[in-house]
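So the chains spell out like this:
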Amino acid sequence: MAEPSTAGRSFDAEALPHLDALYRVALRLTGDPSQAEDLVQDTMLKAYRAWRQYRPGTNAKGWLLTILRNTFINDYRRRKLEPVAMDLEAVEPHALYRAVEETDPEGAFFSKIVDAKVLEAIDALAPEFREVLVLSDIEGMRYAEIAETLQVPVGTVKSRLFRARRQLQTALYAHAVEMGYIKPREG
Amino acid sequence: MPEHINCAEAEARLLDYLKRELTPEVAAEMKAHLEKCRPCFKQAVFEENFLLMLETRAGRGTCPGKLRKRILDLLRAEAERG
């Protein structure tokens, strides 16, 4: 095999460490392991071919996730008859904390929920909410980077995140109540 | 320092504060509010635990070995093609 080029070596060093994150995000976006595999593979090939456009030492993870997300939107997301009848601007009125502040103020019930259920609750969020939550709160991207990736204003990222977190908390709480991890609030 | 933030505003900005996404000025006001306001401080602990839970529970999946190998093989082939 030929000696890897300098470009090949820097790609290996900067891009390959993010395979786990790419696969996690692909799995959440597609909801399907075999599609997630194809998406990661397509993303890595595109990234390799476009590697000249990456500025060394900048945020490789964000750069790769942007390619992954664009590839997903363009090639994977089944063209549904949008839009879903859902008001993206409405706000859940109450923080979940209000329901647990007497019984479990530190949220100990979260730790009783198994990983698979946490992932299931994330997957049940609307796509617009799921993607910001995954990029921000699981993969640690900054709001500004997410805004750039999704081509939306930072304010939109913020408001979607706000709602995504509230919906997720509500879903996890409902599951915890159902499983008896926490007593529902009286009344 | 004058009181700029009330409890409702603190709650609305709490997660952004914990994610260190507020401007330094607003973050300082949040910090001052949380130091004084016990209920908001307790809610901050709850929200922090929520964020921590998400990061750890949903952030530890790994790329399957066979996919990793398939990608490495593809990249090598791509490199040799030049």
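Preceding block: the structure.
These lines cover the structure that appears in this document, whether it is placed above or below. (Residues numbered from 1 in each chain as written. Chains lettered and ligands numbered in written order. Predicted model: local features only at pLDDT ≥ 70, side-chain atom pairs only at ≥ 80, totals over all residues. Heavy atoms only, no water.)

On to the packing of aromatic side chains. Residue and element names in this part refer to chain A. Under the counting rule described, the total for this entry stands at 10 aromatic pairs over all chains. Between Trp51 and Trp63, the aromatic rings sit 5.5 Å apart at their centres with planes inclined by 75°, giving edge-to-face as the arrangement. Taken together, the residues Trp51 in the loop between α3 (33-49) and α4 (60-76) and Trp63 in helix α4 connect sequence positions 12 residues apart. Judged on exposure class, the residue Trp51 and its partner Trp63 are both buried. (Phe/Tyr/Trp six-rings, centres within 6.5 Å; stacked < 30°, edge-to-face > 60°. Helix = DSSP H or I, 4+ residues; strand = E, 2+ residues; numbered from the N terminus. Buried < 20%, exposed > 50% of the residue type's maximum accessible area, 1.4 Å probe, protein only.)

With a phi angle near 60°, Gln151 of chain A is a residue other than glycine that sits in the positive phi range. Assignment of secondary structure puts Gln151 of chain A in the loop between α8 (143-150) and α9 (154-178). A positive phi angle, close to 55°, is found at Arg20 of chain B, a residue other than glycine. Look at Arg20 of chain B and you get exposed, because its relative accessible area is 69%.

The subject of this paragraph is the interface of chain A and chain B. Each partner contributes residues to the interface: chain A has 48 residues there, and chain B has 41 residues. Taken over both partners, the interface formed by chain A and chain B buries close to 4,000 Å², and the fraction arising from carbon and sulfur atoms is 57%. Counting across the interface, chain A meets chain B through 14 salt bridges. With a shortest N-O distance of 3.4 Å, Arg70 of chain B and Glu37 of chain A are connected by a salt bridge. Viewed at the interface, chain B and chain A are joined by 23 residue pairs in polar contact (both at pLDDT 80 or more). Elements with a contribution of two residues or more to the side of chain A that touches chain B: α1 (6-14), α2 (19-30), α3, α5 (97-100), α6 (115-123), α7 (127-138) and α9 of chain A. Of all the elements, α3 of chain A adds the most residues to the side of chain A that touches chain B, at eight residues. Of the residues contributing to the side of chain A that touches chain B, the split by class is 28 nonpolar, five polar and 15 charged. (Contact = heavy atoms within 4.5 Å. Buried area = accessible area lost by both parts, 1.4 Å probe. Salt bridge = Lys/Arg side-chain N within 4 Å of Asp/Glu carboxyl O. Polar contact = N/O pair within 3.5 Å; in protein donor to acceptor, adjacent residues only side chain to side chain. Nonpolar A, V, L, I, M, F, W, Y, C, P; charged D, E, K, R; others polar.)

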